[in-house]
2 protein chains.
Amino acid sequence: MSLPHAILTALLEKPSSGLELTRRFDRSIGYFWSATHQQIYRELGRLEEAGLIRALPSAQPARGQKKEFEVLPAGSAELARWVGESQDPKAVRDPLLLRIRAAAVVGPGGLALELRRHLELHQRQLAVYEAIDAKDFPPERTADEDRLRRLVLHGGMALETFWLRWLEEALEVVGDMDPERPGPSAPEA
Amino acid sequence: MSLPHAILTALLEKPSSGLELTRRFDRSIGYFWSATHQQIYRELGRLEEAGLIRALPSAQPARGQKKEFEVLPAGSAELARWVGESQDPKAVRDPLLLRIRAAAVVGPGGLALELRRHLELHQRQLAVYEAIDAKDFPPERTADEDRLRRLVLHGGMALETFWLRWLEEALEVVGDMDPERPGPSAPEA
DNA sequence: TGCTTCATGTAACAAGTTACATGATTAC
DNA sequence: GTAATCATGTAACTTGTTACATGAAGCA
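The structure contained in this document is the topic of the report that follows. Computed from a predicted structure; not experimentally measured.

Around DNA strand C sit 21 residues in total, of which A:Gln38, A:Arg42, B:Leu19, B:Tyr41 and B:Lys67 are the nearest. Within 4 Å of the protein, the contacting atoms of DNA strand C are drawn from sugar and phosphate to the extent of 55%. Within the side chain of A:Gln39, one N or O atom sits 3.2 Å away from a phosphate oxygen of DNA strand C. At 2.6 Å from a phosphate oxygen of DNA strand C is found a side-chain nitrogen or oxygen belonging to B:Tyr41.

Right, dumping it as structure tokens:
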């Protein structure tokens, strides 16, 4: 149940309408928790119903009219509670790792091409993060909230770096393999 | 749509019943794609319906009786197609990164404790992977399918290592912060 | 007989995805 | 006025989660 908390965080950073939130979920917060506009409108409705946020008085409630939301005290409290909650790390669930495992039984086929494509995409994403790092966090700013936001960004950068290194290793392995299916034997990891 | 392919891979490695698959999804393949037994039974039904797998003739179709499945040629073909398919890397979606971001607006609260707990869990998981690496992949084995399976395992190990390093950085940042809210503006309830 | 474990399933729900509908505003 | 865009929303579906149901086999 992270989406409502992602929305609360975004709204605390800046009160917004559904569409503005959608746009921010395409950059910024969305780099770590993506969401479509349908999800966001649905969740805004629930959060309002639950009394955690409210529409700004200035906003008309008509269809097609912009409607801005702000976080109520109950919303801040819920978010603070959630931040310190005990949650187990989520298990890894990655289709690409799974595809490598599948390639071990049916052969790598066109995997090498796909790995090179991913490598490029991750390079591009790392560059995006580095640009944000340079622009939003000049060395002299050291307020606590900036250090935390930078920490999140560093997490994203380190994850992209992980993928780059692993994809290079993967290309070495797949690169000198026969694209046909390998043998039938199989150790159970 | 990765679960059916995870099941096809597991069944190609070794024909199994639903419960056996469930157990293997708790170790082995499940380290990279987890699934509950309800998901597995549902998906086995669909795969059988679609003609990608079939129940072994020896297996009784009675309730409460073990029913083993094997992959049909159509299933292997579908898996091979999927391995080479073009799929964009999945976006990062991690609740812990999100919680750090939230902490930047409502304060870190009890986060440090939670970070230390995660650090320990990731250390433990890395040790599990290292044990598998030593046991299943002695240095002399170099068949293609072993190299691929080892590559997947190395991905898991590198991911755990990423988390360990990042959590250490996070603890440094959070460690010397006031647990109260840092923010530029924030009326408490 | 009653308890536990093995084994397969049903039901209900929550979260996420995809496609489409509709009103309001702005630019030409 | 009409086309594009802004903005909010509905509907239908898929995937994943949680709780519970049911039958078979072993054993004390």
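The subject of this paragraph is the relation of the copies chain B and chain A. Note on the identical chains: chain B maps onto chain A by a rotation of 180 degrees and an axial translation of 0.0 Å, with an RMSD of 0.0 Å. The transformation relating the two chain copies, once decomposed into turn and shift, fits a two-fold axis. Across chain B, the smallest distance between a C-alpha and the rotation axis is recorded for B:Phe162, namely 3.5 Å. Taken as a fraction of all interface residues of chain B, those also at the interface in chain A reach 91%, which identifies the copy contact as same-surface.

This part covers the pairing of strand β3 (residues 68–71) of chain A. Residues and elements named next belong to chain A. Here β3 shows a buried face lined by Phe69 and Val71 and an unburied face lined by Glu68 and Glu70. Pairing analysis gives two bridges linking strand β1 (residues 16–17) to β3, with the strands arranged antiparallel. Across the sheet, residue serine 17 finds its bridge partner in β3, namely glutamate 68. Here strand β2 (residues 53–55) runs beside β3; their pairing, made up of three bridges, is antiparallel. Residue pairing across strands places arginine 54 opposite glutamate 70, the latter belonging to β3.

Another point: the interface of chain B and chain A. Facing the 78 residues of chain B at the interface are 76 residues of chain A. Of the roughly 7700 Å² buried where chain B meets chain A, counting both sides, 64% is carbon and sulfur surface. Three residues stand out in chain B for area buried against chain A, namely B:Arg93, B:Leu98 and B:Arg101, and they jointly supply 10% of the buried area on that side. Applying the counting criterion to the chain B and chain A interface returns four salt bridges. Put simply, A:Glu13 and B:Arg101 hold a salt bridge, and the shortest N to O gap is 2.9 Å. Along the contact surface separating chain B from chain A lie 29 residue pairs in polar contact (both at pLDDT 80 or more). Sorting the residues of the side of chain B that touches chain A by element identifies α1 (3–13), α4 (73–84), α5 (95–106), α6 (111–136) and α7 (144–175) of chain B as the ones contributing at least two each.

Our next topic: the packing of helix α6 (residues 111–136) of chain A against helix α7 (residues 144–175) of chain A. Residues and elements named next belong to chain A. Relative to each other, α6 and α7 sit at 160 degrees, their axes nearing to 9 Å. Classified by the interaxial angle, the pair formed by α6 and α7 is roughly antiparallel. Crossing hand, α6 versus α7: left-handed. Grouping the amino acids of the contact of α6 with α7 by side-chain chemistry returns 14 nonpolar, seven polar and six charged.

Within this structure, the stated rule accounts for 30 salt bridges over all chains. Its salt-bridge partner being B:Lys67, residue B:Glu48 comes within 3.9 Å of it at the nearest N-O pair. Pair noted here: B:Glu48 is in helix α3 (residues 37–49) and B:Lys67 is in the loop between β2 (53–55) and β3 (68–71), with a separation of 19 residues, a long-range link. Of the residues examined, B:Glu48 reaches a relative accessible area of 30% and is grouped as partly exposed. Salt bridges sharing common partners tie together A:Glu13, A:Arg24, A:Arg149 and B:Arg101.

On to the protein's contact with DNA strand D. The local shell around DNA strand D holds 21 residues, among which A:Leu19, A:Tyr41, A:Lys67, B:Gln38 and B:Arg42 are the closest. Of all atoms in DNA strand D that approach within 4 Å of the protein, 52% are sugar or phosphate atoms. The contact in question runs from a phosphate oxygen of DNA strand D to an N or O atom on the backbone of A:Gly18, over 3.3 Å. Between a phosphate oxygen of DNA strand D and a main-chain N or O atom of A:Lys67, the distance comes to 2.8 Å. Elements with a minimum of two residues in the surface near DNA strand D: α2 (18–24) and α3 (37–49) of chain A together with α3 of chain B. No other element matches the four residues that α3(B) contributes to the surface near DNA strand D.

Here the focus is the environment of B:Val173. All names here are of chain B. Looking at the secondary structure, you find valine 173 in helix α7. Judged by its relative accessible area of 10%, valine 173 falls in the buried class. Considered as a pair, valine 173 and alanine 131 are 42 residues apart in the sequence and their alpha carbons are 32 Å apart.

What counts, and at which threshold
- Residues numbered from 1 in each chain as written.
- Chains lettered and ligands numbered in written order.
- Predicted model: local features only at pLDDT ≥ 70, side-chain atom pairs only at ≥ 80, totals over all residues.
- Heavy atoms only, no water.
- Near = heavy atom within 4 Å.
- Polar contact = N/O pair within 3.5 Å; in protein donor to acceptor, adjacent residues only side chain to side chain.
- Least-squares fit on C-alpha atoms with pLDDT ≥ 70 in both.
- Contact = heavy atoms within 4.5 Å.
- Buried < 20%, exposed > 50% of the residue type's maximum accessible area, 1.4 Å probe, protein only.
- Helix = DSSP H or I, 4+ residues; strand = E, 2+ residues; numbered from the N terminus.
- Pairing = 2+ DSSP bridges.
- Buried area = accessible area lost by both parts, 1.4 Å probe.
- Salt bridge = Lys/Arg side-chain N within 4 Å of Asp/Glu carboxyl O.
- Axes fitted to C-alpha atoms, helices over the stretch in contact; angles between N-to-C directions.
- Parallel < 35°, antiparallel > 145°, perpendicular 65-115°, else oblique.
- Left-handed = near helix turned anticlockwise from the far one by under 90°.
- Nonpolar A, V, L, I, M, F, W, Y, C, P; charged D, E, K, R; others polar.

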